[in-house]
Amino acid sequence: MKAVITVIGKDMVGILARVSGVCAQANANVIEVTQSVMQDLFAMIMLVDISSLSVDFDQFATQVETIGTELSLSAHVMHEDIFNSMHRI
């Protein structure tokens, strides 16, 4: 199983480190990362393998979203099943 993490906001040092740190603590393996910085705007999409999560998925999503709140960023986690359903039309 996989999840998609999106992070958008003002660029600053440590965003990738904080999000990937939460992934590591929850045993979510980062498969792919794409990020862009346009002037001072940071945008990242991360694909993570959540098949061996050490915490409940909702708890993992909350932890990622909390990092977003702490850094004044928009951070969301979407399970691949929901992501695929949304884009299957």
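Whatever comes next refers back to the structure up there.
Computed from a predicted structure; not experimentally measured.

### Section: the sheet that holds strand β3 (residues 41–49)
Here is step 1: Spatially, the 4 strands line up as an open sheet ordered β2-β3-β1-β4, and their pairing is antiparallel. Two strands lie at the open edges of the sheet, namely β2 (29–38) and β4 (74–79), each paired on one side alone. For this sheet, the mean inter-axis angle between neighbouring strands, taken without regard to orientation, is 10 degrees.
Here is step 2: Of the pairings in the sheet, the one linking strand β1 (residues 2–10) to β3 comprises 9 bridges and is antiparallel in character. In the strand pairing of β3, T6 is matched with I45.
Here is step 3: Packed on one face of the sheet, helix α1 (residues 15–25) meets β1, β2 and β3 and runs near 20 degrees to β3.
Here is step 4: Across the sheet, helix α2 (residues 57–70) is in contact with β1, β3 and β4; its angle to β4 comes to roughly 160 degrees.

### Considering the pairing of β1
Here is step 1: Sheet topology note: the β1/β4 ladder contains 6 bridges and is antiparallel. Bridge assignment links A3 to a residue of β4, and that residue is H79.

### Re the pattern of salt bridges
Two side chains with opposite charge may pair up if their charged atoms get near one another.
Here is step 1: This model, assessed by the stated rule, comprises 2 salt bridges.
Here is step 2: A salt bridge links K10 to D40; the shortest N-O distance between them is 3.5 Å. Of the two residues, K10 is situated in strand β1 and D40 in the loop between β2 and β3; the sequence distance between them amounts to 30 residues.

### Considering the pairing of β3
Here is step 1: Residues F42, M44, M46 and V48 line the buried face of β3, whereas the alternating positions L41, A43, I45, L47 and D49 sit on a face that is not buried.
Here is step 2: Relative to β3, β2 runs antiparallel, the two being bridged by 9 bridges. Its bridge partner lying in β3, N29 is registered against D49.
Here is step 3: Taking the residues that link successive antiparallel strands as the turn, the β2-β3 hairpin has 2 residues, and the phi of Q39 there is positive, at about 55 degrees.

Rules used throughout
Residues numbered from 1 in each chain as written. Predicted model: local features only at pLDDT ≥ 70, side-chain atom pairs only at ≥ 80, totals over all residues. Heavy atoms only, no water. Pairing = 2+ DSSP bridges. Helix = DSSP H or I, 4+ residues; strand = E, 2+ residues; numbered from the N terminus. Axes fitted to C-alpha atoms, helices over the stretch in contact; angles between N-to-C directions. Contact = heavy atoms within 4.5 Å. Salt bridge = Lys/Arg side-chain N within 4 Å of Asp/Glu carboxyl O. Buried < 20%, exposed > 50% of the residue type's maximum accessible area, 1.4 Å probe, protein only.

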